[in-house]
Every structure is written in C-alpha cells, then in structure tokens.
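Examination of the molecular architecture
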Amino acid sequence: MGAPPQLTPEERARALAKAKLSRQVRAALKLRIKSMEISIAQVFDIATSDEAIAKMRVLELIESIPGMGKVRAKAVMERLNISPTRRVQGLGRHQMDLLIEEFVAPSGKEKGKLVVLSGPGGVGKSTVAKALKISSPFFVSVSATTRSPRFNEVEGIDYHFYSHDEFDGAISRGEFLEWAEFAGNRYGTPRRAVEDALRDGQNVLLEIEITGAKQVKEKMNEALLVFLEPPTWEELVSRLEGRGTDSAERRAARLALAQEEMAAASFFDKVVVNTEVEKVVATLIEFASAHRG
Ligand code: 5GP
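Residues numbered from 1 in each chain as written. Predicted model: local features only at pLDDT ≥ 70, side-chain atom pairs only at ≥ 80, totals over all residues. Heavy atoms only, no water.

Quick look at helix 7 (residues 125-135)
Defined as follows: Relative accessibility under 20% of the residue-type maximum defines a buried residue, over 50% an exposed one, and the middle range a partly exposed one, all with a 1.4 Å probe and only protein chains included. Here a helix means four or more residues in a row that DSSP labels H or I, a strand means two or more in a row labelled E, and each is numbered from the N terminus. By arc we mean the arc of the directions from the helix axis to the C-beta atoms, nothing more. Contacts were defined at the residue level, with two residues in contact if any of their heavy atoms lie within 4.5 Å.
Within the sequence span of helix 7, burial applies to Lys125, Val128, Ala129 and Leu132. Looking straight down helix 7, one finds that the buried residues subtend no more than 100° of arc, so they occupy a single side. Check the buried side of helix 7 and you find it contacts strand 1 (114-118), strand 2 (139-140), strand 7 (204-207), strand 8 (224-229) and helix 13 (277-290).

Concerning the nonpolar core
Selection criterion: Buried Ala, Val, Leu, Ile, Met, Phe, Trp, Tyr and Cys residues form a nonpolar core when they are joined through side-chain atoms within 4.5 Å.
One finds Leu29, Ile40, Phe44, Leu61, Ile62, Leu99 and Phe103 to be the most contacted residues of the largest nonpolar core, which totals 28 residues. Within the residue set of this core, elements represented by two or more residues are helix 1 (9-34), helix 2 (40-47), helix 3 (51-54), helix 4 (58-63), helix 5 (69-79) and helix 6 (93-102). Considering every element that reaches this core, the biggest residue donor is helix 2, with 5 residues. If we ignore the near neighbours within four places in the chain, the residues touching Phe103 are Ile40, Ile62, Ile65, Met68 and Val76. Ranked by size, the runner-up nonpolar core spans 22 residues in total, among them Leu132, Val140, Leu255 and Val281.

Focus: the site of the ligand
Our working definition: Summary of the distance rule: residues count as near a molecule or strand when at least one heavy atom falls within 4 Å of that molecule or strand. We define a polar contact as two N or O atoms separated by no more than 3.5 Å, with the added condition that, inside protein, one atom must be a possible hydrogen donor and the other a possible acceptor, whereas residues neighbouring each other in sequence contribute only through side-chain atom pairs. Each accessible area is a Shrake-Rupley estimate made with a 1.4 Å probe; only the visible protein chains count as cover when residues are assessed. Space inside and on the surface of the protein is sampled on a 1 Å grid over the protein atoms alone, with a cavity defined as a set of points where a 1.4 Å probe fits but cannot get out and a pocket as an open set with protein on both sides within 12 Å along at least 5 of 7 lines; lining residues have an atom within 4 Å of a point. If over half the atoms of a molecule are within 2 Å of the grid points of a cavity or pocket, the molecule is regarded as sitting in it. Residue classes follow a fixed rule: Ala, Val, Leu, Ile, Met, Phe, Trp, Tyr, Cys and Pro count as nonpolar, while Asp, Glu, Lys and Arg count as charged, and any other residue, Gly among them, counts as polar.
By nearness alone, 17 residues border the ligand, and Ser143, Arg147, Tyr159, Tyr187 and Glu207 come closest of all. At a separation of 3.1 Å, an oxygen atom of the ligand approaches a polar backbone atom of Gly188. One nitrogen or oxygen atom from the side chain of Glu207 is found 2.5 Å from an oxygen atom belonging to the ligand. The fraction of the free accessible surface of the ligand (510 Å²) that becomes covered by protein chains is 95%. Assessed atom by atom at 2 Å from the grid points, the ligand resides in the largest pocket. Contributions of two or more residues to the shell around the ligand are made by strand 5 (176-182) and strand 6 (185-190). Its residues assigned to classes, the shell around the ligand shows 5 nonpolar, 4 polar and 8 charged.

Section: the domain arrangement of the protein
Rules: Residue ranges for the domains originate in an automatic or database domain assignment. Defined here as a combined quantity, buried area equals the accessible surface (1.4 Å probe) lost by two parts on assembly, summed across both. One side-chain nitrogen of Lys or Arg within 4 Å of one carboxyl oxygen of Asp or Glu is enough to make a salt bridge.
By the assigned domains, the protein splits into domain 1 (12-103) and domain 2 (114-290). Summarising the inter-unit geometry, the C-alpha centres of domain 1 and domain 2 are found 35 Å apart. Counting residues at the interface gives 6 residues for domain 1, matched by 5 residues for domain 2. Each partner contributes to the roughly 530 Å² buried at the junction of domain 1 and domain 2, and carbon and sulfur atoms together form 39% of this total. Between Arg191 and Asp97 there is a salt bridge; the shortest N-O distance is 3.1 Å. Here domain 1 is connected to domain 2 by 3 residue pairs in polar contact (both at pLDDT 80 or more).

In structure tokens form, the structure reads like this:
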C-alpha cells in the first residue's frame, strides 16, 4: 500500500465532516433497530440508496438487534459463514436471505402461502389474477418486464415497465425471485415485495410463465404450483388469435410456445381447468387456506 494522499486542510475538514455524518446516520439507524422500528430486510433496502449504511459492518448491525450483544452476534455470523469484517454492501443475496430469516420478528403471524399460477400464454391467467385481487386479500405480485406497455396497461399496476438496462441492474442486484425470457421479452418477480407480504401473513399470488414457476419451486419448495389449463385446445387458439393487442407475428410465436407449454402440466402440484374465472378464483383461495403454514 502506498503512502496516504496528502489532503489540504479543506479536504481534511470535508472528510471529517463526512465521517461524522456517517457515524450519526449509523447511530440513528441502530436506535431504530434497537427499538424494533425497522427490520433487517428494511436495512438492506435502505443500504441500496445510502452509502453510510451500505458501508456499515454487518457485525455492528447485528449487535444492535435487541437481545444480541457482541458475543451472540459473532456466533451468529460464524454459524452463517459471514466474515466478521463483512460490510452490508459486500453481502451476497444468499447471505442477506439467511440474515433476514434469522431475525424475522416474531410477529405471531402465520406466514402467508405462496401460490404460483402458471400455464400456457393466452389461457387467462391475468384475468384470474385480477379477479383474485379484487375479491380476496391476496397480495398479487406486480412483475417487472422489458415489454412495452399495451395501450390499456398502467405502470405499477399491470407491470413495472423496465428498460433493458434497468432489468439487467435488477438481475445483478439479486432483486428478482425468478425471471425468464418469454416471446422476446424479459419478465421478473420482484423478490422483496413478495417476501414482505408472506412474512406479514398475506397469501401471495404470482402469475408467471412456466420456466419462472419452476425456478420459484426450486427456491421455495413450499410454494404451491397451479397449472391453469384451457377447457379445450381450440379455445386457447381462438383466444390467442383474437388478441387485438398483439401483432400477427407475435400471435403466431405465442401459439407455437403455448403448444410446448401445455406439456409442462405434470410438473405442477395442481391442475385447474379454466372453465369459469370465478370458479378458478374460489379454487385458488381454497388451496391457499388448505396449504397454509
Ligand atoms: P404478457 O406479455 O402477455 O403480459 O405476459 C407474457 C407471459 O409472461 C405470461 O405467460 C405471463 O404469465 C408471464 N409473466 C408475467 N410476469 C412474469 C414474471 O414476473 N415472471 C415470469 N417468469 N413470467 C411472467
């Protein structure tokens, strides 16, 4: 290591002021953790936009959790295989998950059930998801996509519309529970919102295509995978053909894909035939209450 840079008195004063401010920000955060006002998951969120928190030592963070103290904090870090000198910004996604899981506040609430609704494009998944959102307290996840909005879609309600760069950034920061490419566009489930809702005891619905559903099952084995099937193949073809929002080329690509997708049903925990939206909604609510815990 070379000699430290020579600072002018002004630079030195600025550096000291910055360090002082960082200490104050960290102290304030630790107080909020101590009083259980915020969770570890929220601290990780804050760290994405606050340098002082991003550079905080994980050990220091854990020590401020009520009932922890220095010795226990060190032991937890060792057990989770996290270096005692690790800073928040240096944590991998998996390590963050381990820490969040370790310090889940005992809210007394039973964890919500994660239901993944999948099936061939055009089968009516999004209609079911919308109906479920209206008629039950399910938290319906809003995906991110690189696809352009259709004329009737609203940012933040139908999708979060991302540029390719934004989507790449979200992947590299581990912000997706799963993501997949579908008919030339990318789609991903924002992880944090889903995890928060489950922890809060809400049942959660993901309405996603099949490869994404398989990824979710690999990560969260307790997820219930539901395959939505059209009453007949002809019905699916006519639905895809009739989609005025897509170009002819896009409709043809989706039809070819749907044929492949229909073969995936056996991988799923449940298969439901989409005869009537209300019936599917009622079945999903029933599944969630039967499989909670
Ligand atoms: P669309 O472009 O018609 O809105 O959606 C195309 C496909 O992407 C549908 O099958 C839909 O279920 C799926 N999809 C929507 N959001 C997600 C997501 O977050 N992840 C994955 N894997 N698929 C998604």
